[in-house]
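Read off the chains here:
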Amino acid sequence: MSRTTPDIDEPADPEAERPPPGDDHAFLGHPRGLATLSGLEVWERFSFLGMQAILVLYFADTVANGGLGMNPGAAASVAAAYGTMVYLVSVAGGWLADRILGSYRAVLWGGVLIACGHYAMAVPTAAMTWAGLGLISAGTGLLKPNVASMVGKLYRTDDQRRDAGFALYYMGINIGAFAGPLVTGWLGDHKGWHWGFSAAAFGMTAGLVQYVLGRRHLAGRKHSAEYALAPAAMRRAVRALVGGLLGAAVLATLLASAGWLTLARFVDLLTLVSVIAPVVYFAVMFRSPRVSAEERGRLRPYAVLFLASVAFNFILFQAYSTMMLLASTNAQTSILGFHFPAGWYASALGAFEVALAPVVAALWVRMGRRQPHASHKIAIGVVLGGLSFLLMVIPTSGHGDDTFRMAAWWIVGSYLLLGLGDVLLETSGMSATTKLAPKAYASQTMALWFLSLALANGIQAQVVKVYGTVSLPAYFGVNGAVAVAAGLAVIALGPWLRRTMHPVH
């Protein structure tokens, strides 16, 4: 597009490059742009997690009821593969923003793709469902890794409000995570699954509208990328990207037509990529001449924390797959006489995180230097995640068949443990990532974190295939025990981690 043509993603004002002045306290004592970005995340999480709360239920429902008729294990596996794809694409999304699009445009066009994907899923055909999931994966990959970096640009380096600003931003994320399943779950249960997907589309559209309207309050919203490629290199990169996508689409079509690329094999392929990608990423960093010996020493403990993140998120992501299936078939959907859709259980996780995050933050402030080391916080989070699954062994045991119904409080209690574990692990894990990553790879720290999430989903896509074929106590017991063992192993490595992670506390 010509630079003389007005464009919503190309503000002309010179202030677009700089953070707002330190006296901008328009939004709860923070820069006004925080309201714009937090509002976008509220609606993005509303749409993403609202859709994810009913996605596996839609896959597993009968065709007569408007579902796709998959068996429970296959439904959970495909839902996990979708999550794998989202986080793998997020790695590329960060690079595209840094080198080609710029953060503002990456978020804008990511949101447009997400909205288009949800609108496609609102059309009641299987083909539009798969097309919609592809668009949402691409859009989330562009949007998710770049919104957080835009929040950071709202503050000057020495601004003491930065940490509190991120706390407000993450609270917005959890508000969306709480509200989304309430709306989509009710619509999916009472009106049909595609009505739930329509609500997700409305949510993302609302987020985009307020993002564009509030763009003048965003710092760093320049047209070009922050570390833009040279013009010739950019043209080559764009041609290679477009050519690669078209080539992959043609190859996939040919393989699918020949009967080789089935849905099950596509899931397996995504799992393979999710395993190979972090191995290659760590190998490159360990061997890079730009990484000093001291930084290489800190990469070793980070690899342990990376695996701890995988163990926890393997459990966390099942809150929207196997736990949803369990809630829909074996949990009561009433509390104190009030009846609700099974999809509403997913809202409990967001609610607990909204409530617990400020409590945990206040506890760390009160403890000061007496608070646990970052590795212990992460380890405790992993153990809590495992315990959330072990708790489910109790209500699923001792039944003659699978027609039993457990009290709602069992699911809610499991999500309480999982929510607390998430609060402990995510904040400490992201902080450790930014501090332990080598300087030469500092701009790619989000990519490292997303690779742990992709790997967790990739492993989940394989493990959940046995859901419904083994007993429920065995399924939740074994998975929970593995996670608890992983957390305890990190605690046992505590002295070594504290020594090698120094000066990270």
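For the structure given in this document, a descriptive report is provided here. (Residues numbered from 1 in each chain as written. Predicted model: local features only at pLDDT ≥ 70, side-chain atom pairs only at ≥ 80, totals over all residues. Heavy atoms only, no water.)

**Quick word on the packing of aromatic side chains**
- If you walk through the whole model with that rule in mind, you get 19 aromatic pairs.
- Chaining the aromatic ring pairs together yields one cluster made of Tyr 58, Phe 59, Trp 130 and Phe 197. (Phe/Tyr/Trp six-rings, centres within 6.5 Å; stacked < 30°, edge-to-face > 60°.)

**Observations regarding the side chain of Ser 77**
- Its location among the elements puts Ser 77 in helix H2 (residues 72–101).
- Look at Ser 77 and you get buried, because its relative accessible area is 4%.
- Excluding its chain neighbours within four sequence positions, the residues that come into contact with Ser 77 are Val 267, Ala 461, Val 464 and Lys 465. (Helix = DSSP H or I, 4+ residues; strand = E, 2+ residues; numbered from the N terminus. Buried < 20%, exposed > 50% of the residue type's maximum accessible area, 1.4 Å probe, protein only. Contact = heavy atoms within 4.5 Å.)

**So, helix H9 (residues 293–316)**
- End to end, H9 covers 35 Å across 24 residues, agreeing with the expected 34 Å (1.5 Å per residue, within 8%).
- For H9, the principal kink sits at Pro 301 and spans about 25°.
- Judged by how many residues are buried, H9 sits mostly within the fold: 18 of 24 residues are covered. (Expected span 1.5 Å × (residues − 1). Bend = angle between axes of the 7 residues up to and from the residue.)

**Some words on the side chain of His 118**
- Along the chain, His 118 falls in helix H3 (residues 103–121).
- We classify His 118 as buried; its relative accessible area is 0%.
- Sequence-distant contacts of His 118, that is, excluding residues within four places in its chain, are made with Ser 47, Phe 48, Met 51, Ile 136, Phe 197, Ala 200, Ala 201 and Met 204.

**Here we look at H3**
- For H3, spanning 19 residues, the distance from its first C-alpha to its last is 27 Å, which sits close to the expected 27 Å at 1.5 Å a residue.
- For H3, a buried count of 14 out of 19 residues is recorded, marking the element as mostly surrounded by other parts of the structure.

**Description of the pattern of salt bridges**
- Counting across every chain of the model gives four salt bridges.
- Residues Lys 144 and Glu 41 are paired through a salt bridge, measuring 3.1 Å at the closest nitrogen-oxygen approach. Within this pair, whereas Lys 144 is found in helix H4 (residues 126–152), its partner Glu 41 is found in helix H1 (residues 32–60), the two being separated by 103 residues in sequence. Each member of the pair Lys 144 and Glu 41 is classed as buried.
- The closest approach of N and O atoms between Glu 44 and Arg 45, which form a salt bridge, is 2.7 Å. Summarising the burial analysis for this pair, Glu 44 and Arg 45 share the class buried. (Salt bridge = Lys/Arg side-chain N within 4 Å of Asp/Glu carboxyl O.)

**Concerning a nonpolar patch on the surface**
- Taken together, the side chains of Trp 130, Leu 263, Phe 266, Leu 269, Leu 272, Val 273, Val 275, Ile 276, Val 279, Val 280 and Val 284 make up a nonpolar region of the molecular surface, amounting to roughly 890 Å² of accessible area.
- For the nonpolar patch, the leading source of residues is helix H8 (residues 263–287), giving 10 residues.
- Assignment of secondary structure puts Phe 266 in helix H8.
- Assessed through its relative accessible area of 30%, Phe 266 is described here as partly exposed. (Patch = residues over 30% accessible without salt bridge, like charges linked within 9 Å, V, L, I, M, F, W, Y side chains within 5 Å. Areas by Shrake-Rupley, 256 points an atom, 1.4 Å probe, with all protein chains shown as cover.)

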